[in-house]
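Spelled out from the first residue to the last, the chains are:
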Amino acid sequence: MRKVNKLIALSIAASALSMTAIPALAASEGQALFAQHCQMCHGADGKGAVPGTPNFTKPGGVLSQKDSVLMLRVLDGYKSAGSPMAMPPMKGQVSAKQVHQILLYLHKAFGG
């Protein structure tokens, strides 16, 4: 019985660790991917380095949308109404897993 309780405690501890460590690692990888693929247009500060790019720091802005919507826009490209330019599709340059990592970083760094 004591051995079973110890195994249960270890399992709970491992689950808790993975729930915090894995997203943190993915966000760290997302930061590197953002710097490589996105920062040129979106800026290191997330406020947009090129006219027409969204400000990720704006409350209720782009990052308040569902990640599933954002993922499709990153992979397929998107042009916002009134924007002078479209975001090019990133499919073929980044995978869905990498977009997920980028989104984890964006939420961690800029909110939303």
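Check the entry above for the structure.
Rules used throughout
- Residues numbered from 1 in each chain as written.
- Predicted model: local features only at pLDDT ≥ 70, side-chain atom pairs only at ≥ 80, totals over all residues.
- Heavy atoms only, no water.
- Axes fitted to C-alpha atoms, helices over the stretch in contact; angles between N-to-C directions.
- Helix = DSSP H or I, 4+ residues; strand = E, 2+ residues; numbered from the N terminus.
- Parallel < 35°, antiparallel > 145°, perpendicular 65-115°, else oblique.
- Left-handed = near helix turned anticlockwise from the far one by under 90°.
- Contact = heavy atoms within 4.5 Å.
- Nonpolar A, V, L, I, M, F, W, Y, C, P; charged D, E, K, R; others polar.
- Salt bridge = Lys/Arg side-chain N within 4 Å of Asp/Glu carboxyl O.
- Buried < 20%, exposed > 50% of the residue type's maximum accessible area, 1.4 Å probe, protein only.
- Disulfide = S-S within 2.5 Å.
- Core = buried A, V, L, I, M, F, W, Y, C linked by side-chain atoms within 4.5 Å.
- Expected span 1.5 Å × (residues − 1).
- Phe/Tyr/Trp six-rings, centres within 6.5 Å; stacked < 30°, edge-to-face > 60°.

1. Comments concerning the packing of helix 3 (residues 67-76) against helix 4 (residues 96-110)
Phase 1: Running from N to C, helix 3 and helix 4 point in directions that differ by 120°, and their axes come no closer than 10 Å. In terms of orientation, helix 3 and helix 4 fall into the oblique class. Note on packing geometry: the crossing formed by helix 3 with helix 4 is right-handed. Of the residues in helix 4, those in contact with Asp 67, Leu 70, Met 71, Val 74 and Leu 75 of helix 3 are Ala 96, Val 99, His 100, Leu 103 and His 107.
Phase 2: Classifying every residue of the contact of helix 3 with helix 4 gives seven nonpolar, two polar and one charged.

2. A closer look at the pattern of salt bridges
Phase 1: Evaluation of the coordinates by the stated rule reveals one salt bridge.
Phase 2: In this structure, the salt-bridge partner of Lys 91 is Asp 76, at a minimum N-O distance of 2.8 Å. Placement of Lys 91 in the loop between helix 3 and helix 4 and of Asp 76 in helix 3 is noted, with a sequence separation of 15 residues between them.
Phase 3: On the basis of relative accessibility, which here comes to 56%, the residue Lys 91 falls in the exposed class.

3. Describing the state of the cysteines
Phase 1: Considering all chains together, one arrives at zero disulfides under this definition.
Phase 2: As a non-bridged cysteine, Cys 38 has Cys 41 as the owner of its nearest cysteine sulfur, 8.8 Å distant.
Phase 3: A relative accessible area of 29% places Cys 41 in the partly exposed class.

4. Some details on the nonpolar core
Phase 1: Counting residues in each nonpolar core, the largest one holds 15 residues, and the members touching the most others are Phe 34, Phe 56, Leu 63, Ile 102, Leu 106 and Phe 110.
Phase 2: Elements with a contribution of two residues or more to this core: helix 1 (2-37), helix 3 and helix 4.
Phase 3: Examining the composition of this core, we find that six residues originate from one element, helix 4, more than from any other.
Phase 4: Once residues lying within four places of it in the same chain are set aside, the contact partners of Leu 106 are Phe 34, Phe 56, Leu 63 and Gly 111.

5. Details of the environment of Lys 47
Phase 1: For Lys 47, the position within the fold is in the loop between helix 2 (39-42) and helix 3.
Phase 2: Non-local contacts of Lys 47, meaning those with residues more than four positions away in its chain, are made with His 42, Pro 54, Asn 55 and Thr 57.

6. Observations regarding helix 4
Phase 1: Taking 1.5 Å per residue, 15 residues should reach 21 Å; helix 4 reaches 21 Å between its end C-alpha atoms and fits that length.
Phase 2: Within the span of helix 4, buried status applies to Val 99, Gln 101, Ile 102, Leu 103, Tyr 105, Leu 106 and Phe 110.
Phase 3: Gly 111 sits one or two positions beyond helix 4 and adopts a positive phi of about 85°.

7. Considerations on the packing of aromatic side chains
Phase 1: By the definition in use, this model includes four aromatic pairs.
Phase 2: When the centroid spacing of 5.6 Å and the interplanar angle of 50° are considered together, the rings of Phe 34 and Tyr 105 count as tilted. Taken together, the residues Phe 34 in helix 1 and Tyr 105 in helix 4 connect sequence positions 71 residues apart. The two residues Phe 34 and Tyr 105 agree in class, both being buried.
Phase 3: Cluster of aromatic residues (ring-pair linked, three or more members): Phe 34, Phe 56, Tyr 105 and Phe 110.

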